[in-house]
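Geometric and topological summary
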Amino acid sequence: MCIRDSARGTLGSYQPEAILKRMLRATSEGVREIWLTSEDTGAYGRDIGTDISQLLKLLVKNIPENIMLRIGMTNPPYMYEHLDSIAKALNHPRVFAFLHIPVQAGNNNVLEAMVREYTVEQFEYVCDYLFEKVPNMTIATDIICGFPGETKEQFDDTLRLIEKYKLPVVNISQFYPRPGTPAAKMKRVDTKEVKQRSKALTQLFESYRCYDFLLNTEQSCLLYTSPSPRDRQKSRMPSSA
């Protein structure tokens, strides 16, 4: 139903040692924040006999001091299989307690129409588990408003899901029929209704506060500085023999 499935092709995972080597090289060159990312980070390694939990153990064990690791977007099914290891990695002081898990809709019938390989209950289980096991956990998600065939009552389920978790990052989009996808041939929800649903979700998102628990606390802060034009020019100059 999504153009992503046509664009990303089959799974292709780099060897763990290659990723570790690239991380260490980047940090030796001055990089202070590593993003471990792909179209679906949780699916890593399924094609080469390993998995995301083993990769995270390797990276966390070797990540240098004063370097932060950020884990990229993953769909619920693959993280569902490795929640304990994921939670342990997210609790490491050099790993951001952040995960982007797109749910897209809060109704199982809509998810089935989207050909998503998970249920609302699985998404909720992942959220509940991580919020319980990882202090100050941040979960981001995506919502598509007005997928073809979505009823007002089904969209209300999405509102209830966001209201339940009050996620601090909700990427809201209106359904758009991308050419070449099965969804493009389905009967669309009225455009005005789609806009109204997007507005309702936006208003809900803007109605709650997410970070009050940080008031009157001390937190680590990662600062980045850019080299001055003179320093950049020096770095291009050949060194003397």
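Since the structure is predicted, the reported quantities are computational estimates derived from the model, not experimental observations. Numbers given to residues run from 1 along each chain, matching the order in which its sequence is written. Only residues with pLDDT of 70 or above have their local features reported here, since the model is predicted, and side-chain atom pairs are shown and tallied only from 80 upward, although totals for entire chains, interfaces and linings are computed over all residues. To obtain the side-chain values, all non-hydrogen atoms of the structure were used and water was disregarded.

Some words on the overall build of the protein
Rule in force here: Strands here are runs of E lasting at least two residues and helices are runs of H or I lasting at least four, both read from the DSSP assignment and numbered beginning at the N terminus. The classification of residues rests on relative accessible area computed with a 1.4 Å probe and restricted to protein chains. Under 20% of the type maximum is buried, over 50% is exposed, and intermediate values are partly exposed. What sets the accessible areas is the Shrake-Rupley method with a 1.4 Å probe; for residues, cover comes only from the shown protein chains.
Summing up its helical and strand segments, the protein has ten helices and five strands in all. In the protein, which comprises 241 residues, the share counted as buried stands at 42%. Accessible surface for the protein amounts to roughly 14500 Å². Of this, 51% is attributable to carbon and sulfur atoms.

Structural notes on the side chain of H82
For the record, the criterion: Every residue pair with non-hydrogen atoms within 4.5 Å of one another is taken to be in contact.
Take H82: it is sitting in the loop between α4 (76-80) and α5 (83-90). What H82 contacts, discounting residues up to four positions off in sequence, is D51, I52 and S53.

Observations concerning the sheet that holds strand β3 (residues 98-100)
Convention followed: Strands are labelled as partners when DSSP assigns at least two bridges between them. A fitted line through C-alpha atoms serves as each axis, taken over the contacting stretch for helices, and the angle formed by two N-to-C directions is quoted from 0 to 180°.
Read across the sheet, three strands follow the order β3-β4-β5 without closing on themselves; strand pairing throughout is parallel. Strands with a single pairing partner mark the edges of an open sheet, and in this sheet they are β3 and β5 (169-174). For this sheet, the mean angle separating the axes of adjacent strands, direction not counted, is 15°. As defined by bridge partners, β3 adjoins strand β4 (residues 138-145) across three bridges and the pair is classed as parallel.

What to know about the confidence of the model for the protein
If pLDDT is low for a region, its predicted coordinates should not be looked at in detail. We apply this condition: For every residue, the predictor states its confidence as a pLDDT score lying anywhere from 0 to 100.
On average, residues of the protein score 89 in pLDDT, and 89% of them reach the 70 mark or higher. Contacts from residues 1-7, a stretch scored under 50 in pLDDT, to residues over four places away or in other chains number 16 contacts. Of the regions scoring below 50 in pLDDT, residues 235-241 engages in zero contacts with residues more than four places distant in sequence or in other chains.

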